[in-house]
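# Report on the structure
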Amino acid sequence: MISKPPSELWEIHGKYYDLTPFVELHPGGKRMLMMGKGKDCTALFESVHVFDAKSKAILSKYYVRDKEPLIEGIPLEDFSWVKAGFYET
C-alpha cells in the first residue's frame, strides 16, 4: 500500500486522516472538508465539532498515521484542546 503525502491528507491533533471517501458524505458539505485538506485543520475541526463525540468517532475510521515531529521534544500543537482548559468554557 502506497502512503499518501501530507498534502493529500487532513491533519488533526498531530495525526493524519484520509477523508477522501467521506468528502461527499460530510453533512457540512464538501467545501468545509476541502478547506482543510493538506493542512493542520485542528482548529477548524474543533471549532465546528464542539462537544461532538460522534464526529470524533467517525474521524477515527479514517486514521492513516501520526505526524512525525519536526524537532525531537517540540510539541506538534500550539494550542491545547484538553477538556479541563478554557476551550470548553
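Okay, so let's go over this structure. (Residues numbered from 1 in each chain as written. Predicted model: local features only at pLDDT ≥ 70, side-chain atom pairs only at ≥ 80, totals over all residues. Heavy atoms only, no water.)

## Observations regarding the pattern of salt bridges
One pass over the full model with this rule turns up 6 salt bridges. We note a salt bridge from Lys4 to Asp18, for which the minimum N-O separation is 3.0 Å. Remark: Asp18 occurs in the loop between β2 (15-17) and α1 (30-36) and Lys4 occurs in the segment before β1 (10-12); sequence separation between them is 14 residues. Ionic pairing is found between Lys67 and Glu11, a salt bridge with its closest N-O pair at 3.4 Å. One end of the pair, Lys67, is in the segment after β3 (63-66); the other, Glu11, is in strand β1, with 56 residues separating them in the sequence. For Lys67, a relative accessible area of 22% gives the class partly exposed. Glu11 sits in the buried class, given a relative accessible area of 6%. (Salt bridge = Lys/Arg side-chain N within 4 Å of Asp/Glu carboxyl O. Helix = DSSP H or I, 4+ residues; strand = E, 2+ residues; numbered from the N terminus. Buried < 20%, exposed > 50% of the residue type's maximum accessible area, 1.4 Å probe, protein only.)

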